[in-house]
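Listed below are the residues making up each chain.
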Amino acid sequence: MAVFSPSVRSALRFAVPLLAVLGLLAWGATMVVDATAQAWFERDVSLRAQLAVSGAREGIAAHVRSGDRRRLRALLEDIARDDRILAVEVCSTSLATLAATPGFPEDFGCARVGPQAQRASGEGGVAWRPVERTAHLRGGRTQVSALPLEDRGETLGLVVLVQDLSWADRRQGSTRQFTLLAFALVAAAGSVATFLVARFSWRRWTAEMRRFLRLSRSAPPDARDGARGKEFQPLLADVRDLVASLAQERDALEGGPWSPERLRQTLTRHLHGEGVIVVANREPYIHERAPDGSIRVAYPASGLVSALEPVMRACSGTWVAHGSGSADRATVDRHDRIRVPPGEESYAIHRVWLSPEEEQGYYYGFANEGLWPLCHVVHARPTFRIGDWEHYQRVNERFAEVTQGEAPGMDPIVLVQDYHFALLPRMLRERIPRATIIAFWHIPWPNAESFGICPWHRDLLRGLLGSSVVGFHTQAHCNNFLDAVDRYLEARIDRERQSVVLEGRETLVRPYPISVEWPSHRLASLPPVAECRRQVLEEHGLPPQTLLGVGVDRLDYTKGIEERLLAVERLLERFPEYRGRFTFVQLAAPSRTAIPRYRALGEAVEAAAERINQRFGAGSYRPVILHREHHGPDSVFRYYRAADLCYVSSLHDGMNLVAKEFVSARDDEKGVLLLSRFTGAARELAEALLVNPYDLEEASTAMAAALAMSKEEQGERMRALRAYVAEFNVYRWAGRMLVDAARLRQRERLTDRLAIGQGTLLEPGPGP
Ligand code: G6P
């Protein structure tokens, strides 16, 4: 102790006994939790056994009475289809085996287990009682339940069920680990607090606190960020470490971080390797005919596509989409299908052909002039025309027909994507009643009042409620959806379960924040960051010391591209030191150009860039470089890697995957992300510089802070962002959704089986 300073010694005097007491408490609590969990799990298993037997009791009794062993055995096999029931046997009153599922373990047979279920009754007869015990079978724990088979006041024998307990053991193990972990966290937090209180006197601590609060109230946003960084860096780092260790803990329990391999394994385990059907308007590979007559493949600029494509590579199955390329028809087989990705074929696209009128009404009209502005709070007035609505209905019907044709069985899993297909889930439900349908809405869902602007709002809600699950990126959008259902439909809403029951069918409403593949497969073919930077600067004739900003978007009025350029202008006005040194490159992929609003935006952005260049350009220096053309994903990644900052300024966005792609591209752990608060991504990427893109003072201040940020701080922020995106990647998004779907399907199959069991019971059995 002599080696420690007095304040450390006094801190240790508190911390050591505290740790000892918490250690004892942790040990005691683990024992209690362990015993309770074990009792719960075993009771759960007993209840399952009783439920299985009572559900099938009448059927078993009928077959026992009729002596029809074949049907009796078939019924037992049906019961044993439940993953956790390993074997079932029926014994007569004289403890002879009447029927058993194949491989029923001899150790638990009628002659061994039966006597324990019998005891002498007062009248010299035999009384029966249920018996339960746990036993080891082939290295795993099982529970054996022998339940008397009662029928019309008579005992006909025993039903012996052997159930798997390994899942209960696994759950118990996790519960134990989490209890210990929780205590470890409390112990760590308690010791740190004790240590701090003793180390700094209370007065000094409160003075520090007051100083910090003064600073955070009065300082501009960039200074606030810096202050937050310095004052709370250790605390933030601790919290992150804890989150990371919890994530690792959970991964170890669940099977490692999410990857294509884990997604594949999940599909094999839960869906028995069956492929899924995705329905999305935009196809991932578009075949275009070049002017020289050759055919080339184009990759669309679509966040939805960049997220779902790696998932489909991992899952296989079919993607049903509008065939929009000029050479699309020339490349499909006679069923309108084509295997992709070119050269690495692992799934199929089924192309649906639309007439120009249908495309105009369904895609440009209802989807993009109606629903798109309706759902984004960007003050763009939606336009609703009856003709567009009719096309929208017809095209949804057509996709339903094609999807039904693609279904591999009676209960396929179908993932319906985005606002182009709000009616499709109900149409599919009518065609394939037992399908598990997940509708994922990639854009925001507005508040109930705004949603009511659409003349067909009730039809859209009913259409979506044909799904088993409706997914959004954020809880806020789930809440808006539930509010809209509450307001416009006669449906029952269960806020606790987050579900809607309409006409007797339940639809779950869940947030699944979408993400990007991790690690990005593009990185393997791209040069190192320094080389990407050199190439990009050279291609634009920029000197090596240039500070480079990038923006990557479809030319869409929700993306805030004009506001972004105005923020660059404001930066150059307020911070003249960046004139001549800072260049912002905007990649703007033309999009939906048949819609006047989009064409007008292209012109406005062009005009803004020109004006800023005239104002601040000098010699060969142009502060804004605008590329109004489509860039393939490799080219986009090169820009991400070359940049000092990336600015995502959406005025409203469901998620925004450019932000996550930028993070995934920066394996050098440098570069700063400026992110609009009005994106779904802002709720997750806390280490980005978050801005209100309408507030040009705040946005230009943040830009200046990003350009002046030290490499260390960039590294710290980028590492944290990368750790988050690595963990919450697109495989996790898809995996969670598909596991939920598989569970729902399993539950429905079980319900069906019980109903079928009840059905056989109702059937008149052969006479005695
Ligand atoms: C948004 C939509 C996607 C769409 C993408 C590109 O991200 O949510 O469904 O694919 O924009 O738009 P486009 O109309 O070209 O498919």
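Preceding block: the structure.
Keep in mind it's a predicted model, so treat the numbers as computed, not measured. (Residues numbered from 1 in each chain as written. Predicted model: local features only at pLDDT ≥ 70, side-chain atom pairs only at ≥ 80, totals over all residues. Heavy atoms only, no water.)

**Focus on the overall build of the chain**
Helices and strands together make up the secondary structure of the chain, namely 23 helices and 25 strands. A buried classification covers 52% of the 768 residues belonging to the chain. Put simply, of all contacts in the chain between residues at least 6 apart along the chain, 71% involve residues at least 24 apart. (Helix = DSSP H or I, 4+ residues; strand = E, 2+ residues; numbered from the N terminus. Buried < 20%, exposed > 50% of the residue type's maximum accessible area, 1.4 Å probe, protein only. Contact = heavy atoms within 4.5 Å.)

**Remarks on the pattern of salt bridges**
Side-chain pairing between opposite charges can occur once the charged atoms of the two side chains come close. Counted under the stated rule, the structure contains 47 salt bridges. Here Asp 411 ties to Arg 434 by a salt bridge, and the two come within 4.0 Å at their closest N and O atoms. Placement of Asp 411 in the loop between helix H11 (386-406) and strand S14 (413-417) and of Arg 434 in the loop between helix H12 (424-431) and strand S15 (436-440) is noted, with a sequence separation of 23 residues between them. Overall, the relative accessible area of 10% leaves Asp 411 in the buried class. The exposure class assigned to Arg 434 is partly exposed, which follows from its relative accessible area of 37%. The partner of Glu 573 in a salt bridge is Arg 570, and the shortest N-O contact between them spans 2.5 Å. Taken together, the residues Glu 573 and Arg 570, both in helix H17 (residues 561-574) and three residues apart, mark about one turn of the helix. A relative accessible area of 28% places Glu 573 in the partly exposed class. (Salt bridge = Lys/Arg side-chain N within 4 Å of Asp/Glu carboxyl O.)

**Observations concerning the site of the ligand**
Around the ligand, a shell composed of 13 residues is seen, among which Arg 282, Ser 302, Tyr 363, Asp 418 and Arg 592 lie nearest. A distance of 2.9 Å is found between an oxygen atom of the ligand and a side-chain nitrogen or oxygen belonging to Arg 282. Residue Ser 302 places a side-chain N or O atom 2.9 Å away from an oxygen atom belonging to the ligand. Out of a free accessible area of 370 Å², the ligand has 90% covered by protein chains. (Near = heavy atom within 4 Å. Polar contact = N/O pair within 3.5 Å; in protein donor to acceptor, adjacent residues only side chain to side chain. Areas by Shrake-Rupley, 256 points an atom, 1.4 Å probe, with all protein chains shown as cover.)

**Concerning the nonpolar core**
Core analysis: the largest hydrophobic core is formed by 100 residues, its most contacted members being Trp 441, Leu 460, Phe 481 and Phe 582. Residue contributions to this core peak at nine residues, all from helix H10 (residues 356-375). Aside from chain neighbours lying at most four places away, what touches Phe 582 is Leu 547, Leu 548, Gly 549, Val 568, Leu 571, Tyr 621, Pro 623, Leu 645, Met 703 and Leu 707. Counting residues in each nonpolar core, the second largest holds 78 residues, with Trp 319, Ile 349, Leu 537 and Ala 659 among its members. (Core = buried A, V, L, I, M, F, W, Y, C linked by side-chain atoms within 4.5 Å.)

**Overview of the state of the cysteines**
Applying the stated criterion across every chain yields a total of one disulfide. With its sulfur 2.1 Å from that of its partner, Cys 91 forms a disulfide with Cys 110. Because the torsion about its S-S bond is -85°, the bridge between Cys 91 and Cys 110 counts as left-handed. Remark: Cys 110 occurs in helix H3 (residues 110-113) and Cys 91 occurs in strand S1 (residues 85-91); sequence separation between them is 19 residues. Take Cys 91 and Cys 110: they sit in the same class, and that class is buried. Free cysteine: Cys 454, not disulfide-bonded; nearest cysteine sulfur from Cys 375 at 9.0 Å. (Disulfide = S-S within 2.5 Å.)

**So, a nonpolar patch on the surface**
Taken together, the side chains of Leu 24, Trp 27, Met 31 and Val 32 make up a nonpolar region of the molecular surface, amounting to roughly 480 Å² of accessible area. Tracing the chain through its elements places Met 31 in helix H1 (residues 6-66). A relative accessible area of 44% places Met 31 in the partly exposed class. (Patch = residues over 30% accessible without salt bridge, like charges linked within 9 Å, V, L, I, M, F, W, Y side chains within 5 Å.)

**Details of the side chain of His 631**
Take His 631: it is sitting in the loop between strand S22 (624-627) and helix H19 (633-642). In this structure His 631 comes out as buried when scored by relative accessible area, which is 16%. Of the polar contacts made by the side chain of His 631, one reaches the side chain of Glu 629; its length is 3.4 Å. What His 631 contacts, discounting residues up to four positions off in sequence, is Leu 587, Val 636 and Tyr 639.

**Some thoughts on the sheet that holds S1**
Pairing within the open sheet is antiparallel, and its five strands lie in the order S2-S1-S7-S6-S5. Among the strands making up the open sheet, the edge pair consists of strand S2 (97-100) and strand S5 (131-137). On average, adjacent strands in this sheet sit at an angle of 25° to one another, irrespective of strand direction. For strand S6 (residues 140-151) and strand S7 (residues 154-164), the ladder comprises 10 bridges, and the chain directions are antiparallel. (Pairing = 2+ DSSP bridges. Axes fitted to C-alpha atoms, helices over the stretch in contact; angles between N-to-C directions.)

**Focus: the pairing of strand S8 (residues 276-279)**
Burial of the side chains of S8 extends over both faces: Val 276 and Val 278 are buried on one face and Ile 277 and Val 279 on the other. Across four bridges, S8 lies against strand S11 (residues 317-322) in parallel orientation. Opposite Val 276, over in S11, you have Gly 317 as the bridge partner. Summarising the sheet, S8 and S14 pair through three bridges and their orientation is parallel. If you follow Val 278 over to S14, its bridge partner there is Leu 415.

**Examining the sheet that holds strand S23 (residues 645-648)**
A sheet is described by the order of its strands in space; here six strands give the open sequence S22-S21-S20-S23-S24-S25, paired in parallel fashion. Where the open sheet ends on each side, the last strands, each with one partner, are S22 and strand S25 (689-691). Along the sheet, successive strands turn relative to each other by an average axial angle of 20°, direction set aside. Judged from the two bridges that link them, strand S20 (residues 547-554) and S23 form a sheet pairing that is parallel. Bridging across to S23, Val 550 finds its partner in Cys 646. Those strands touched by H19 are S20, strand S21 (582-589) and S22, and its axis lies near 145° from that of S20. Contacting S20, S21, S23, strand S24 (672-676) and S25, helix H21 (residues 696-708) crosses the sheet at an angle of about 165° to S25.

**Considerations on helix H2 (residues 69-79)**
Taken together, the buried positions of H2 are occupied by Leu 72, Leu 75, Leu 76, Asp 78 and Ile 79. All buried residues of H2 fall inside an arc of 155° around its axis, so they share one side. (Arc of directions from axis to C-beta.)

**Let's talk about the environment of Val 113**
Among the structural elements, Val 113 can be located in helix H3. As for Val 113 and Glu 132, which are separated by 19 residues in sequence, their C-alpha atoms are 9.5 Å apart. In contact with Val 113, other than residues within four places in its own chain, are Asp 107, Phe 108, Arg 133, Val 144 and Ala 146.

**Quick word on the packing of H19 against helix H20 (residues 657-665)**
In contact at an axis separation of 9 Å, H19 and H20 are set at 70° when each is read in the N-to-C sense. It follows from the interaxial angle that H19 and H20 lie roughly perpendicular. When you trace H19 past H20, the crossing you get is right-handed. Contacts between H19 and H20 involve Phe 637, Tyr 640 and Arg 641 on the former and, on the latter, Val 658, Glu 661, Phe 662, Ser 664 and Ala 665. Split by residue class, the contact of H19 with H20 holds five nonpolar, one polar and two charged. (Parallel < 35°, antiparallel > 145°, perpendicular 65-115°, else oblique. Left-handed = near helix turned anticlockwise from the far one by under 90°. Nonpolar A, V, L, I, M, F, W, Y, C, P; charged D, E, K, R; others polar.)

**Looking at unusual backbone geometry**
Going from Val 340 to Pro 341, the amide bond is cis rather than trans, its omega being -10°. Note that the residue after Trp 518, namely Pro 519, is joined by a cis bond; omega there is -10°. Assignment of secondary structure puts Pro 519 in the loop between strand S19 (505-511) and helix H16 (529-539). In this structure, Arg 152 is a non-glycine residue whose phi angle is positive, near 45°. With respect to the helices, strands and loops of the structure, Arg 152 is situated in the loop between S6 and S7. Arg 152 sits in the exposed class, given a relative accessible area of 71%.

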